[in-house]
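Coordinate inspection notes
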Amino acid sequence: MIQMPVYKDLNDMMNSIIRREIANFQKEMENLEREFFSSPLLDMYACEDHYDCIVDVPYVDPTSIYMKVEGNLMKFKCKDKMGNVYQAEINLPEDADSDSIKVERVKWVLRIRMARKST
C-alpha cells in the first residue's frame, strides 16, 4: 500500500477552502453590483411652486416606468433597454401634491414633477 504524504491532504484541504472562499467572494460581489446598479442616481430640487426629482437611468425604456405613492413615500421602478431593472424609494416633502405627479423624459434623464400644496 502506497501512503500519501500528509502535506498532500493538507494541500487538498487548503485548496478546497480557497475555492470555497473565492466562490463566496464572487457571490458577494455580484450581490453588491446588483444592489449598486439597481439604484438610479437621483436628486430632488425644490422650486417655488413645485418639486423636480431628476432620475438618471441611461437608455430608459419609457414603457417600463412604474410609480406608486404611499403616504409620503414614492416607489419608482423602471428598466433600461438592456433589461436592467432600476428601483428607488423617494421620501416626498410634506407639502408635495402626489396627485399632480408628471413624468417626462428629458434627454437621458427622467424628470418627475409634482406641485406644492397651497398653505
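Look up: the structure comes first, before these words.
Attention in this report is confined to the structure presented alongside it. (Residues numbered from 1 in each chain as written. Predicted model: local features only at pLDDT ≥ 70, side-chain atom pairs only at ≥ 80, totals over all residues. Heavy atoms only, no water.)

Some details on the nonpolar core
Defined as follows: Side-chain atoms within 4.5 Å link the members of a nonpolar core, which is a set of buried Ala, Val, Leu, Ile, Met, Phe, Trp, Tyr and Cys residues. Between buried and exposed lies partly exposed: a residue is buried under 20% and exposed over 50% of the maximum accessible area for its type, with that area taken using a 1.4 Å probe on protein chains only. In this text, helices come from DSSP runs of H or I with a minimum length of four residues, and strands from runs of E with a minimum of two, each type numbered from the N-terminal end. Any two residues whose heavy atoms approach within 4.5 Å are treated as being in contact.
Ranked by size, the top nonpolar core spans 15 residues in total, and within it Val 55, Ile 112 and Met 114 carry the most contacts. Broken down by secondary-structure element, the contributors of at least two residues to this core are strand S2 (50–56), strand S4 (73–79), strand S5 (85–91) and strand S7 (109–115). Beyond its immediate stretch of four places on either side in the chain, Met 114 contacts His 50, Tyr 51, Met 74, Leu 92, Ala 96, Asp 97, Ser 100 and Ile 101.

Overview of a nonpolar patch on the surface
The following threshold applies: Patch construction takes residues with relative accessible area above 30% that form no salt bridge. Like charges are linked within 9 Å, and nonpolar side chains (Val, Leu, Ile, Met, Phe, Trp, Tyr) are linked within 5 Å. Methods summary: accessible areas were calculated by the Shrake-Rupley approach with a probe of 1.4 Å, and residue burial reflects only the protein chains presented. Salt bridge, as used here, is a side-chain nitrogen of Lys or Arg placed within 4 Å of a carboxyl oxygen of Asp or Glu.
Taken together, the side chains of Leu 10, Met 13, Met 14, Ile 17, Ile 18 and Ile 22 present a nonpolar region at the surface, about 520 Å² in accessible area. Within the fold, Met 14 resides in helix H1 (residues 6–37). Looking at Met 14, the relative accessible area reads 38%, which means it is partly exposed.

A word on the sheet that holds S5
The condition that has to hold: Here, any two strands with at least 2 DSSP bridges between them count as paired. With axes taken as lines fitted to C-alpha atoms, and helix axes fitted only over the stretch in contact, angles between N-to-C directions fall between 0 and 180 degrees.
The strand order across the open sheet built from 3 strands is S3-S4-S5, with neighbouring strands paired in antiparallel fashion. Both edges of this open sheet fall to strand S3 (66–70) and S5, since each of them pairs with a single strand only. When strand polarity is set aside, the average angle formed by the axes of neighbouring strands in this sheet is 10°. Looking at chain direction, S3 and S4 are connected through 5 bridges and run antiparallel. Note on S4: the bridge partner recorded for Met 67 is Phe 76.

Some remarks on the environment of Glu 70
This is how the line gets drawn: Whenever a nitrogen or oxygen atom comes within 3.5 Å of another N or O atom, the pair is scored as a polar contact, on the condition that within protein one atom can donate a hydrogen and the other can accept it, and that pairs from neighbouring residues in sequence are kept only if both atoms are in side chains.
Following the sequence through the fold, Glu 70 ends up in strand S3. Given a relative accessible area of 36%, Glu 70 falls into the partly exposed group. Remark: the alpha-carbon pair of Glu 70 and Ser 98, spanning 28 residues in sequence, is separated by 9.2 Å. Here the side chain of Glu 70 touches Lys 75 through a polar contact of 3.4 Å, side chain to side chain.

Some points on the side chain of His 50
Position of His 50 among the secondary structure elements: in strand S2. His 50 gets classed as buried once you look at its relative accessible area, which sits at 14%. Engagement of the side chain of His 50 in a polar contact is seen with the side chain of Arg 113, the distance being 3.4 Å. Contacts of His 50, omitting those with residues within four sequence positions, involve Tyr 45, Arg 113, Met 114, Ala 115 and Arg 116.

Description of the pattern of salt bridges
Scanning the entire structure with this criterion turns up 5 salt bridges. Of the charged contacts, one joins Glu 70 and Lys 75 as a salt bridge, the two residues approaching to 3.4 Å between their closest N and O atoms. Note on Lys 75: relative accessible area 29%, which makes it partly exposed. Where Arg 111 meets Glu 104, a salt bridge forms, and the shortest distance between an N and an O atom there is 2.0 Å.

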